[in-house]
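Fold and geometry: a report
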Amino acid sequence: MIIGAVSDIHSPRYLNDFLRAVRYVPELPLFIIAGDSVDKGKVIHFDPIYKLLATKRTVAVFGNEDFREVREDFKRLYPKVEWLEDNFTVIKLNEISLHIVGSEGLISRPTKWQLKSGINMQYYMERKQNLEKLLCESEGDVTVLVTHYSPTYETLRGEKSWAYPELGYPFLEEAKCKPDIAIHGHAHKSVVTFAEISGVRVYNVALPANKAITLIKIDKK
């Protein structure tokens, strides 16, 4: 079974690239968006994406530019998308049960803007504990972790190394319970968009890095 994934459309910035990329993918049973669907929290710019995906089973998480204060607007205006925010969903496709854990994710060093907004390392460590709990409780055939920030530094290669702590966190290296597949975005300049960490297949699906929709094969264990 093949599913599709993408992130960092930053509509309208890369909207045309997204619309072109979708033309080249087959009909898929599931589409995953790993955050930053729109630029600077402008919810209305999700409209053309939603119209295209409204007939497809879609799961999405929020990115740093899908501002916290407008996330309830996304959920209200675009109800056919299953929005995950530090929680999980179970989807059965072709006799395979997918346990999908979704979150904005973790970074190792909060940005100056985040610190001013009261988001510190304690906030991220509490989120880390919750994500580990959700992964440990998975009962699906295949467990998928979807975050906006990268759960490893390996798929950040190509970005400035000094910026890694603000782009991700080595969660997969530390987590006691690991997913089978991890999907993330945020790293626009990554030149390593796939890696395998401790048996976990990791995909950076950022549209600016891939120039395409990422196709991911799902096999029952």
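Above this text is the structure in question.
Residues numbered from 1 in each chain as written. Predicted model: local features only at pLDDT ≥ 70, side-chain atom pairs only at ≥ 80, totals over all residues. Heavy atoms only, no water.

Ring pairs (aromatic) are described by centroid distance and by the angle formed between their planes. The full count for this structure, using the stated rule, is 13 aromatic pairs. Taking 6.3 Å as the distance between ring centres and 40 degrees as the angle between the ring planes, the aromatic pair formed by phenylalanine 46 and tyrosine 50 counts as tilted. Note on accessibility: phenylalanine 46 and tyrosine 50 belong to one class, buried. Seen in terms of ring centroids, phenylalanine 62 and phenylalanine 74 are 5.7 Å apart; in terms of plane orientation they differ by 55 degrees. Their pairing is tilted. (Phe/Tyr/Trp six-rings, centres within 6.5 Å; stacked < 30°, edge-to-face > 60°. Buried < 20%, exposed > 50% of the residue type's maximum accessible area, 1.4 Å probe, protein only.)

Attention now moves to the pairing of strand 2 (residues 31–34). Each regular strand displays side chains that alternate between the two surfaces of the sheet. With burial as the criterion, each face of strand 2 is covered, one bearing Phe31 and Ile33 and the other bearing Ile32 and Ala34. Here strand 1 (residues 2–6) pairs with strand 2 via 3 bridges, running parallel. Following the sheet pairing, alanine 5 is matched in strand 2 by isoleucine 32. Note that the unit made of strand 1, helix 1 (residues 15–22) and strand 2 has a crossover that is right-handed. Of the pairings in the sheet, the one linking strand 2 to strand 3 (residues 58–61) comprises 4 bridges and is parallel in character. (Helix = DSSP H or I, 4+ residues; strand = E, 2+ residues; numbered from the N terminus. Pairing = 2+ DSSP bridges. Right-handed = clockwise from strand over helix to strand, strands pointing away.)

Our next topic: the side chain of glutamate 159. Within the element layout of this structure, glutamate 159 appears in the loop between strand 7 (142–147) and helix 6 (171–174). Of the buried charged residues, glutamate 159 lacks a salt bridge, with lysine 189 as the closest side chain of opposite charge at 5.4 Å. At 3.0 Å, the side chain of glutamate 159 forms a polar contact with the backbone nitrogen of histidine 188. Discounting chain neighbours no more than four positions away, the residues touching glutamate 159 are Tyr164, Leu167, His186, Ala187, His188, Lys189 and Ser190. (Lys, Arg positive; Asp, Glu negative; His and termini not counted. Salt bridge = Lys/Arg side-chain N within 4 Å of Asp/Glu carboxyl O. Polar contact = N/O pair within 3.5 Å; in protein donor to acceptor, adjacent residues only side chain to side chain. Contact = heavy atoms within 4.5 Å.)

It is worth spelling out the sheet that holds strand 11 (residues 214–217) at this point. Across the sheet, which stays open at both edges, the 5 strands sit in the order 4-3-2-1-11 with mixed pairing between neighbours. The sheet terminates laterally at strand 4 (81–84) and strand 11, the two strands that pair on one side only. Adjacent strand axes in the sheet meet at a mean angle of 25 degrees when their direction is disregarded. (Axes fitted to C-alpha atoms, helices over the stretch in contact; angles between N-to-C directions.)

Across all of its chains, the model carries 1 disulfide by this definition. Two residues share a disulfide in this structure: cysteine 136 and cysteine 177, whose sulfurs sit 2.0 Å from each other. One quick way to see it: the torsion about the S-S bond of cysteine 136 and cysteine 177 is about 100 degrees, and its sign makes the bridge right-handed. With cysteine 136 in helix 5 (residues 121–136) and cysteine 177 in the loop between helix 6 and strand 8 (181–184), the pair connects residues that are 41 residues apart, well separated along the chain. The partly exposed category is assigned to cysteine 177, whose relative accessible area is 23%. (Disulfide = S-S within 2.5 Å.)

Moving on, we come to the side chain of serine 190. Looking at the element boundaries, serine 190 is found in the loop between strand 8 and strand 9 (194–197). Residue serine 190 is classed as buried on the basis of its relative accessible area of 6%. Among the polar contacts listed, one links the side chain of serine 190 to the side chain of asparagine 204, at a separation of 3.5 Å.

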